[in-house]
Amino acid sequence: MPIQILMPALSPTMSEGNLARWLKKEGDPVKSGDILAEIETDKATMEFEATDEGTLGKILVPDGSQGVKVNQPIALLLEEGEDAASLAAPLAAKAALAPAAPAVAASAAAPPVVPPAVSAGDRVFASPLARRLAREAGVDLTSVKGSGPHGRIVRADVEKAPSPPKAASPTPGAPAPKPVPAVPDIGPAYTEQPLSSMRKVIARRLTEAKQTVPHFYLTIDCRLDKLMALRADLNGRGDDYKLSVNDFVIRAVALALRKVPAANASFTETAIRLYSEVDVSVAVATPNGLITPVIRHADHKGLAALSNEMKSLAGKARDGKLKPEEYQGGGFTISNLGMYGIREFSAIINPPQGCILAVGAGEQRPVVVDGALAVATMMSCTLSVDHRVVDGAIGAEFLAAFKKLIEEPLTMLL
Amino acid sequence: MSDNTFDIIVIGGGPGGYVAAIRASQLGLKTAVVEREHLGGICLNWGCIPTKALLRSAEVYRNMQHAGSYGLSASGIGFDLAKVVARSRGVSAQLQAGVKHLLKKNKVTVFEGQGRLAGKGKVTVGDGKAQLSGKHIILATGARARNLPGLEADGKLVWSYKEAMVPDVMPKRLLVIGSGAIGIEFASFYNALGSDVTVVEVMERVLPVEDEEISAFARKSFEKQGMKIITGASVKSLAKGKDEVTVTIEAAGKTQEVTVDRVISAVGIVGNVENLGLENTKVVVEKTHVVVNQWLETGEPGVYAIGDLAGAPWLAHKASHEGVICVEKIAGRNDVHPLNIRNIPGCTYCHPQVASVGLTEAKAKEKGYQVKVGRFPFMGNGKAIALGETEGMVKTVFDAKTGELLGAHMIGAEVTELIQGYMVAKTLETTEVELMHAVFPHPTLSEMMHESVLDAYGHAIHF
């Protein structure tokens, strides 16, 4: 019987993804390790490798399909000796095969972790009326428990289900209502871009952060003159690296977190989670939206190593090629808008982390030194803090340590 | 377990009680039924079934009279009242034997006699003929015709349903008090067999629980058949003569006298709550009905009530369904669902037939729904025309907001057989979309059900 190729879970939290495009056609021979397709997850576009050999018999989910559930069959692979005639059977036998199937299709990059609630490909049993009410209220039926016969979702279940925070947002998978310019001659003209998976995740996570995390903000000014001089000096000494101010910021944050480990922490319902490693997330703008690749063990890496790793991660991020392990996790985030001339800003915490540092531009400002006005290169940094994890004094202590490192950059080299 | 100890004892062997007993036995519970008169209850012996047999005779008779319109000829058309009644009794007898057999097959023990609660978990049969113990006792004693003071049935000139079902004479002139399902079915039967029928209804319209449009349609049709209908009227007094009754009727502030040969009193029913031993229990009785919760539990632990005894709607299929819910809950099944009263269809087998489920248009509006209403006439249906049954309509009421089918109301030939389609749709919570997508077979009366839905959304095809 042909092997079912199932939609892979490319990250532990992935429940659905978009099938961006197939790299094999029906009839193509497939070897283990061949790239079959590109899968777009909520964070990145990833290559999906074959784990079996054979011939790609039938593509079940075409290019550009949105919201494909994890473990949903996406193609059939014919084994040696099988021909197209054997394609009919597996569809009929889908139910019987499904439990064993994930192991077959899970690629090396894909931990076969499937959230049980959305055991993929399962049909949601709901009455037509319940479906319509859910669609109108924006209730996700996969999260509703059915009280009808055999767990069927009926009207009453949808009415009892909590409405999502934003009303009227269509659930994924439901046909999106077309933007109807109701009163075209009055309102401004517009076009609508469908939300990408990444945009949906950004919207959901940041809304959640801003609404549920009690933020407070601490701002500190750092004098950059010594750092700029050191940077020019170091950059003049070698060709295999080119340090940016941001690389120094990453290094300073990593060392400051070692000194004030209480800032390298997350809030959970039962405990404060103190991270043992210093893994720093750095926000990178991409054409599709914001993503935060992680520099692991940043405190153990020198400036040149940090700089090169950051360049590589940022490049992958812009190309949508980050692997889940390259953007998941991290204990602390840096967001730097200095290159755009932003003086200072307050960032939204990247849950479940406890802190995010918003870095402004380095610029010449009048300062008072020893009672006299002088000109100095200054940089303002604002720390957004989850007050449930980190109190004001800890935040201030962290910023003081950070400032000391930035202003005395030679100590960073120790 | 001794012979007289049971898991479940059901008092009353009607459509509620015997169905509950069979289901209980299927679920492995040792079950007894206590029945004082006849298995199958009123429904099978003196209600639903024998009246359907009578009305079938009336229908065939009517068709014979209209043979000419089908290109047929028939002469010497007549009927033998005694044989019509005998057929009806035969149908009941056959089904009663069937119920007896079903109970036996399912190993339900039947005790004959009046059942009565006699302390916790105890039931006596007759005057102490047998003492039974049961963990759970289901009361299913049903209901009987209501007797209004002054209008009491005497069995001779003033009939209750029971005498009306086994008439010894064909009344030339008949007065029916009450135009609910029971009254109208008898009116229809006697009218078809040639009685001069007058119907008196206290409400402003006949079949008052039905949709107003259906009521109006029915009234017009009945009057066309020669019935006299007086609504908003009450019977003030009956003056009984030797073989006739003069009835004083008050309507719209005026009184009139009508003299008839027989009167049928069909003014509702009362629950059989007496002689049940409820006095020393926590069972609550309100207006002759036992108060129960959604699982048919009474105020007394271990005592349940189902069917007519537990209140409206007084329908056999409601009783049976409650019986099943009740015992499945007792048996601890976790897939039991309470009865949704809005999904219980009602059928009246007058001519033309009436059937409905759910909310009437007026009730829906009263509940605050914005409605979409569809109608389709029998006149627009090919099969109806071929049958020569062009009188009738199908009306559907949808919630404009959600597309939920709130109610369906039908009048015309065979609508009692058609209503189940809407009932299934309602139970499955379909919206107008699925009903529109459903392919109805051609040529059938059921196509009107489709068209009525289309009409509610403004695109009926054939009208």
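Source: prediction; values computed, not measured.

**Student:** Please explain the overall build of chain A as it appears in this structure.
**Tutor:** Of regular secondary structure, chain A possesses 11 helices and 18 strands. Counting all 414 residues of chain A, 44% fall into the buried class. For chain A, the share of sequence-separated contacts (at least 6 apart) that also reach a separation of at least 24 residues comes to 63%. For chain A, the exposed surface amounts to about 21,200 Å²; the carbon and sulfur share of it is 57%.

**Student:** Looking at this model, I keep getting lost on unusual backbone geometry. Mind explaining?
**Tutor:** The general pattern is negative phi for most residues beyond glycine and trans for most peptide bonds. With omega at 5°, the peptide bond leading from Pro351 of chain A into Pro352 of chain A counts as cis. Tracing the backbone shows Pro352 of chain A in the loop between β16 (332-336) and β17 (355-369). At the junction of His442 of chain B and Pro443 of chain B, the peptide bond is cis and its omega measures out at -5° in the coordinates. Assignment of secondary structure puts Pro443 of chain B in the loop between α12 (432-437) and α13 (447-456). For His297 of chain A, which is not glycine, the phi dihedral falls at a positive 45°. With respect to the helices, strands and loops of the structure, His297 of chain A is situated in the loop between β15 (294-295) and α9 (303-319). Accessibility expressed as a relative area gives 33% for His297 of chain A, which makes it partly exposed.

**Student:** What is the right way to look at the environment of Ser384 of chain A in this model?
**Tutor:** Residues and elements named next belong to chain A. Structurally, the position occupied by Ser384 is in strand β18 (residues 372-386). With 36 residues separating them in the primary sequence, Ser384 and Ile348 have C-alpha atoms 6.9 Å apart. Setting aside anything within four residues of it in sequence, one finds Ser384 in contact with His215, Phe216, Tyr217, Ser346, Ala347, Ile349, Gly354, Cys355 and Ile356. Only 2.6 Å separates the side chain of Ser384 from the backbone oxygen of Ala347, close enough to count as a polar contact.

**Student:** How should the pattern of salt bridges be read in this particular structure?
**Tutor:** A side chain with one charge may pair with a side chain of the opposite charge, provided their charged atoms come close. All names here are of chain B. Counted by the stated rule, this structure contains 40 salt bridges over all chains. A salt bridge links Lys162 to Glu37; the shortest N-O distance between them is 3.5 Å. Of this pair, Lys162 sits in helix α5 (residues 161-165) while Glu37 sits in the loop between β2 (31-35) and α2 (41-46), and the two are 125 residues apart along the sequence. A relative accessible area of 27% places Lys162 in the partly exposed class. Note that Arg144 is salt-bridged to Glu274, the shortest N-O span being 3.1 Å. Linking Arg144 in strand β7 (residues 143-145) with Glu274 in the loop between β16 (269-271) and β17 (285-286), this pair joins segments that are 130 residues apart in sequence. When its relative accessible area of 35% is taken as the criterion, Arg144 is described as partly exposed. Judged by its relative accessible area of 37%, Glu274 falls in the partly exposed class. Via salt bridges that share partners, Asp211, Glu213, Glu361, Lys365, Arg375 and Lys395 belong to a single interconnected network.

**Student:** What is the right way to read the side chain of His289 of chain B from this model?
**Tutor:** Residue and element names in this part refer to chain B. Mapped onto the elements of the fold, His289 is located in strand β18 (residues 289-290). What makes His289 buried here is its relative accessible area of 12%. Apart from residues lying up to four places away in sequence, His289 is in contact with Gly271, Val273, Val284, Asp308, Leu309, Ala310, Gly311 and Trp314.

**Student:** Any chance you could explain the interface of chain B and chain A here in plain terms?
**Tutor:** Where interface size is quoted, it is often the accessible area lost as the parts come together. Listed by partner, the interface residues are 12 residues for chain B and 13 residues for chain A. Taking both sides of the interface into account, the surface hidden between chain B and chain A amounts to around 970 Å²; carbon and sulfur atoms contribute 49%. Area buried by chain B at its contact with chain A is led by His337, Thr402 and Glu429 of chain B, which between them contribute 53% of it. Taken together, chain B and chain A are joined by two salt bridges.

**Student:** How do you make sense of the packing of aromatic side chains when you look at a structure like this?
**Tutor:** Geometrically, a pair of aromatic rings is defined through the distance of the ring centres and the angle of the planes. All names here are of chain B. This model, assessed by the stated rule, comprises eight aromatic pairs over all chains. On the basis of an interplanar angle of 45° and a centroid distance of 6.1 Å, the ring pair of Trp159 and Tyr190 is categorised as tilted. Of this pair, Trp159 sits in strand β8 (residues 158-159) while Tyr190 sits in helix α6 (residues 181-192), and the two are 31 residues apart along the sequence. Residue Tyr190 is classed as buried on the basis of its relative accessible area, which comes to 0%. Summarising the aromatic geometry, the rings of Phe398 and Tyr457 are spaced 5.5 Å apart at their centres and angled 70° between planes, so their arrangement reads as edge-to-face. Pair noted here: Phe398 is in strand β23 (residues 393-399) and Tyr457 is in the segment after α13, with a separation of 59 residues, a long-range link. The ring of Trp46 has Arg89 lying over it, and the distance from NZ or CZ to the ring centre is 3.9 Å. Positioned above the aromatic ring of Trp295 is the side chain of Lys329, whose terminal nitrogen or guanidinium carbon lies 4.1 Å from the ring centre.

**Student:** What should I look at first to understand the environment of Lys83 of chain B in this one?
**Tutor:** Residues and elements named next belong to chain B. Position of Lys83 among the secondary structure elements: in helix α4 (residues 81-105). Overall, Lys83 belongs to the exposed group, its relative accessible area being 61%. Note: C-alpha distance between Lys83 and Ser57 (26 residues apart in sequence) is 10.0 Å.

**Student:** It is not clear to me how the sheet that holds strand β10 (residues 196-200) of chain B should be interpreted in this structure. Could you clarify?
**Tutor:** Hydrogen bonds between backbone groups are what pair the strands of a sheet, and the pairing can be parallel or antiparallel. Residue and element names in this part refer to chain B. Within the open sheet, the five strands sit side by side as β8-β15-β9-β10-β11. Their pairing is parallel. Both outer strands of the open sheet, β8 and β11 (228-230), are each paired with one neighbouring strand and no more. Bridge count between β10 and β11: three bridges; the pairing is parallel. What sits directly across from Val199, in β11, is Ile229. Those strands touched by α6 are β8, β9 (173-177), β10 and β15 (262-265), and its axis lies near 165° from that of β10.

**Student:** Can you help me understand the sheet that holds strand β12 (residues 233-240) of chain B in this one?
**Tutor:** Residue and element names in this part refer to chain B. The strand order β12-β13-β14 describes an open sheet built from three strands, whose pairing is antiparallel. The sheet is open, and its two borders are formed by β12 and β14 (254-260), each paired with just one other strand. Pairwise comparison of adjacent strand axes, ignoring direction, gives a mean angle of 25° for this sheet. When β12 meets strand β13 (residues 245-251), the two strands line up antiparallel, connected through seven bridges. Looking at β13, one finds that Val235 is bridged to Ile249.

**Student:** Would you mind going over the state of the cysteines with me for this structure?
**Tutor:** Chemically, a disulfide is nothing more than a covalent bond linking the sulfur atoms of two cysteines. Residues and elements named next belong to chain B. All chains considered together, the criterion is met by zero disulfides over all chains. For the unlinked cysteine Cys48, the closest cysteine sulfur is that of Cys43, found at 3.3 Å. Judged by its relative accessible area of 32%, Cys48 is partly exposed.

**Student:** So what exactly am I meant to see when it comes to helix α7 (residues 225-235) of chain A here?
**Tutor:** Turn by turn, an α-helix covers 3.6 residues, leaving residues three or four places apart pointing in a common direction. Residues and elements named next belong to chain A. Taken as a whole, α7 has its buried residues at Leu227, Leu230 and Leu234. The arc enclosing the buried residues of α7, seen along the axis, measures out at 65°, which places them on a common side. Buried-residue contacts for α7 involve α8 (245-259), α9 and α11 (392-407).

**Student:** How should the confidence of the model for chain B be read in this particular structure?
**Tutor:** Regions with low pLDDT should not have their predicted coordinates read in detail. Chain-level pLDDT for chain B is 95 on average; 100% of the residues reach the 70-or-more range. As scored by the predictor, the complex reaches a pTM of 0.60 and an ipTM of 0.70.

**Student:** Looking at this structure, how should I read the packing of helix α3 (residues 48-65) of chain B against α4 of chain B?
**Tutor:** Each packed pair of helices is defined by two parameters, the angle between the axes and the distance between the axes. All names here are of chain B. Between α3 and α4, the least distance of the axes is 8 Å, while the angle of their chain directions is 145°. With respect to the hand of their crossing, α3 and α4 are arranged in right-handed fashion. Only Val84, Val85, Arg87, Ser88, Arg89, Val91, Ser92 and Leu95 of α4 make contact with α3, whose side of the interface consists of Ile49, Pro50, Ala53, Leu54, Arg56 and Ser57. Grouping the constituent residues of the contact of α3 with α4 by class yields eight nonpolar, three polar and three charged.

About the criteria used
- Residues numbered from 1 in each chain as written.
- Chains lettered and ligands numbered in written order.
- Predicted model: local features only at pLDDT ≥ 70, side-chain atom pairs only at ≥ 80, totals over all residues.
- Heavy atoms only, no water.
- Helix = DSSP H or I, 4+ residues; strand = E, 2+ residues; numbered from the N terminus.
- Buried < 20%, exposed > 50% of the residue type's maximum accessible area, 1.4 Å probe, protein only.
- Contact = heavy atoms within 4.5 Å.
- Areas by Shrake-Rupley, 256 points an atom, 1.4 Å probe, with all protein chains shown as cover.
- Polar contact = N/O pair within 3.5 Å; in protein donor to acceptor, adjacent residues only side chain to side chain.
- Salt bridge = Lys/Arg side-chain N within 4 Å of Asp/Glu carboxyl O.
- Buried area = accessible area lost by both parts, 1.4 Å probe.
- Phe/Tyr/Trp six-rings, centres within 6.5 Å; stacked < 30°, edge-to-face > 60°.
- Lys NZ or Arg CZ within 6 Å of the ring centre and 35° of its normal.
- Pairing = 2+ DSSP bridges.
- Axes fitted to C-alpha atoms, helices over the stretch in contact; angles between N-to-C directions.
- Disulfide = S-S within 2.5 Å.
- Arc of directions from axis to C-beta.
- pLDDT = per-residue confidence, 0-100.
- Left-handed = near helix turned anticlockwise from the far one by under 90°.
- Nonpolar A, V, L, I, M, F, W, Y, C, P; charged D, E, K, R; others polar.

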